[in-house]
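Here is what each chain is made of, one letter per residue.
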Amino acid sequence: GWTFQHEVCHGLWYTNPVYKKEAKNVLSVIPKEHKNIFKDNLLEMGYTDKVIDDEIQAYLSFGHDSENFGKGVDIEKRKKYNLAFTTTLKEFI
């Protein structure tokens, strides 16, 4: 389902500075507490420190309902973040 779009988000993050700036704006409104939970989950999944922001934006755009990524953050909150990303970034995806 969402894997291809998730990968497209990574591609945009690295190749489109406008996309990256917009995605970082959305990231900046996520509470630090939730960002830290996502980060811990991602590190546990085998990702490295340097890709955390990129992975959070890609998962919250496509894959917010992944349990490995999202455990510890209420699904309703994740849906809200997903909406913020897909609404903000829809002109790119």
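The shown structure was predicted, so the numbers you read here are calculated from the model rather than taken from an experiment.

Calculation rules
- Residues numbered from 1 in each chain as written.
- Predicted model: local features only at pLDDT ≥ 70, side-chain atom pairs only at ≥ 80, totals over all residues.
- Heavy atoms only, no water.
- Helix = DSSP H or I, 4+ residues; strand = E, 2+ residues; numbered from the N terminus.
- Rg over C-alpha atoms; globule rule 2.2 N^0.38 Å.
- Buried < 20%, exposed > 50% of the residue type's maximum accessible area, 1.4 Å probe, protein only.
- Contact = heavy atoms within 4.5 Å.
- Areas by Shrake-Rupley, 256 points an atom, 1.4 Å probe, with all protein chains shown as cover.
- Lys, Arg positive; Asp, Glu negative; His and termini not counted.
- Charge placed at Lys NZ, Arg CZ, Asp CG, Glu CD.
- Phe/Tyr/Trp six-rings, centres within 6.5 Å; stacked < 30°, edge-to-face > 60°.
- Core = buried A, V, L, I, M, F, W, Y, C linked by side-chain atoms within 4.5 Å.
- Arc of directions from axis to C-beta.
- Polar contact = N/O pair within 3.5 Å; in protein donor to acceptor, adjacent residues only side chain to side chain.

Draft legend 1. How the structure looks around the overall build of the chain. In terms of helices and strands, the chain carries 6 helices and 0 strands. Its helices and strands in sequence order give the chain the pattern α-α-α-α-α-α, from N to C terminus. Here the chain has a C-alpha radius of gyration of 12 Å; the compact-globule value for 93 residues is 12 Å, and the two agree. With the C-alpha coordinates of the chain rotated into their principal frame, the extents come out at 30 × 25 × 25 Å. Across the 93 residues of the chain, 39% fall into the buried class. Considering only contacts in the chain between residues 6 or more positions apart, those separated by 24 or more positions represent 63%. A total of about 5,300 Å² of accessible surface is found on the chain, and carbon and sulfur atoms cover 55% of it. Looking at the chain, you have 13 positive and 14 negative side-chain charges, and the mean spots of the two groups are 5 Å apart.

Draft legend 2. Highlighting the packing of aromatic side chains. Inspection of the entire model under this criterion finds 6 aromatic pairs. Taken together, a centroid distance of 6.4 Å and an interplanar angle of 80 degrees make the contact between Phe 38 and Tyr 81 edge-to-face. Of this pair, Phe 38 sits in helix α3 (residues 32–44) while Tyr 81 sits in helix α6 (residues 75–89), placing them 43 residues apart in sequence. This pair shows no difference in class: Phe 38 is buried, exactly as Tyr 81 is. When the centroid spacing of 4.6 Å and the interplanar angle of 5 degrees are considered together, the rings of Tyr 59 and Phe 69 count as stacked. One end of the pair, Tyr 59, is in helix α4 (residues 52–61); the other, Phe 69, is in helix α5 (residues 67–70), with 10 residues separating them in the sequence. For the pair shown, Tyr 59 and Phe 69 are each scored as buried. Within the aromatic cluster, the residues linked to one another by ring pairs are Trp 2, Phe 38, Tyr 47, Tyr 59, Phe 69 and Tyr 81.

Draft legend 3. Inspection of the nonpolar core at higher detail. Grouped together as the largest cluster of nonpolar side chains are 21 residues, with contacts concentrated most on Tyr 19, Phe 38, Ile 56, Leu 60, Phe 69 and Phe 85. Elements with a minimum of two residues in this core: α1 (3–15), α2 (17–27), α3, α4 and α6. Sequence-distant contacts of Ile 56, that is, excluding residues within four places in its chain, are made with Leu 27, Lys 35, Phe 38, Leu 42 and Phe 69.

Draft legend 4. Examining the environment of Lys 24 more closely. Secondary-structure assignment places Lys 24 in helix α2. Overall, the relative accessible area of 41% leaves Lys 24 in the partly exposed class. Taking C-alpha positions, Lys 24 is 9.5 Å from Trp 13, a pair spaced 11 residues apart along the chain.

Draft legend 5. Up close: α2. The complete set of buried residues in α2 reads Tyr 19, Ala 23, Val 26 and Leu 27. Taken end-on, α2 shows its buried residues confined to a sector of 100 degrees, consistent with a single buried face. Away from the buried face of α2 by more than 90 degrees, exposed residues Pro 17 and Lys 21 are located. Where α2 is buried, its residues meet α1, α3, α4 and α6. The backbone nitrogen of Val 18 lies 3.0 Å from a side-chain oxygen of the residue at the head of α2, namely Asn 16.

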